[in-house]
Amino acid sequence: DAIAMIHGAATIWEACIRSDIHTWNSLARENSMAVTGISEEDLSQRVRGTAFVGVNGEFATSSGGSMQGVGFLSNVHVRRRVLESLGSNEDLGKLLVHSAEMVGDESCSFKG
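Residues numbered from 1 in each chain as written. Predicted model: local features only at pLDDT ≥ 70, side-chain atom pairs only at ≥ 80, totals over all residues. Heavy atoms only, no water.

1. Overview of the overall build of the chain
Right, so step 1: Helix and strand content of the chain: six helices and zero strands.
Right, so step 2: When the elements of the chain are put in sequence order from the N terminus, they spell out α-α-α-α-α-α.
Right, so step 3: Evaluated residue by residue, the chain yields a buried proportion of 36% over its 112 residues.
Right, so step 4: A sequence separation of at least 24 residues applies to 69% of the contacts in the chain between residues at least 6 apart. (Helix = DSSP H or I, 4+ residues; strand = E, 2+ residues; numbered from the N terminus. Buried < 20%, exposed > 50% of the residue type's maximum accessible area, 1.4 Å probe, protein only. Contact = heavy atoms within 4.5 Å.)

2. Let's talk about the packing of helix H4 (residues 51–61) against helix H6 (residues 90–104)
Axes are the key here: two packed helices are described by the angle between their axes and the distance separating the axes.
Right, so step 1: Between H4 and H6, the least distance of the axes is 9 Å, while the angle of their chain directions is 40°. Here H4 is positioned oblique relative to H6, judged by the angle of their axes. Considering the relative orientation of H4 and H6, their crossing is right-handed. For the pair H4 and H6, the contacting residues are Phe-52, Val-53, Asn-56, Gly-57 and Ala-60 in the first and Leu-96, Ala-100, Val-103 and Gly-104 in the second.
Right, so step 2: Along the lines of polarity and charge, the residues of the contact of H4 with H6 split into six nonpolar, three polar and no charged. (Axes fitted to C-alpha atoms, helices over the stretch in contact; angles between N-to-C directions. Parallel < 35°, antiparallel > 145°, perpendicular 65-115°, else oblique. Left-handed = near helix turned anticlockwise from the far one by under 90°. Nonpolar A, V, L, I, M, F, W, Y, C, P; charged D, E, K, R; others polar.)

3. Thoughts on the confidence of the model for the chain
Low pLDDT means the predicted atomic positions in that stretch should not be read closely.
Right, so step 1: For the chain, the mean per-residue pLDDT works out to 86, and 88% of the residues sit at or above 70.
Right, so step 2: Confidence, expressed as mean pLDDT per element, reaches its minimum in the chain at H4 with 86 and its maximum at helix H5 (residues 76–85) with 94. (pLDDT = per-residue confidence, 0-100.)

4. Here's the deal with helix H1 (residues 2–18)
Right, so step 1: Between its first and last C-alpha, H1 extends 24 Å over 17 residues, near the 24 Å set by a 1.5 Å rise per residue.
Right, so step 2: Every buried residue belonging to H1 is among Ile-6, Ala-9, Ala-10, Trp-13, Cys-16 and Ile-17, and all of these are buried. Down the axis of H1, the smallest arc covering the buried residues is 120°, so these residues share one side.
Right, so step 3: Turning to H1, the residues buried within the fold contact helix H2 (21–33), H4, H5 and H6. (Expected span 1.5 Å × (residues − 1). Arc of directions from axis to C-beta.)

5. Considering H2
Right, so step 1: Taking 1.5 Å of rise per residue, 13 residues should cover 18 Å, and H2 covers 18 Å from first to last C-alpha, within 8% of that figure.
Right, so step 2: Within the sequence span of H2, burial applies to Ile-21, Trp-24, Leu-27 and Ala-28. Taken end-on, H2 shows its buried residues confined to a sector of 130°, consistent with a single buried face. Seen from the buried face of H2, the exposed residues on the opposite side, beyond 90 degrees, are His-22 and Met-33.
Right, so step 3: Structurally, H2 contributes buried residues whose contacts are with H1, helix H3 (40–47), H4 and H6.

Here it is as structure tokens:
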């Protein structure tokens, strides 16, 4: 059932984020205080070892299949549920989405 799939996927994504929540909260604060935000190079260096980026990397390099409907970026319902579970920190939500998008970008320094 689709609702169970969304719930299960969101639970896993949330656990990935919460495992490094201090890193994400710190980066979200820094990013919101900086006039132009954290540079992409600095961001990629600082989040490279997080579980969230690692799992997103697996999604970016997988061929799809059964994983297609449970991605943080590819399923708006999963993403919305994860962000709601993390609270009303809009800066954190934007940072997570941006980081996930960076992982999918072939030219991004996450690949190095």
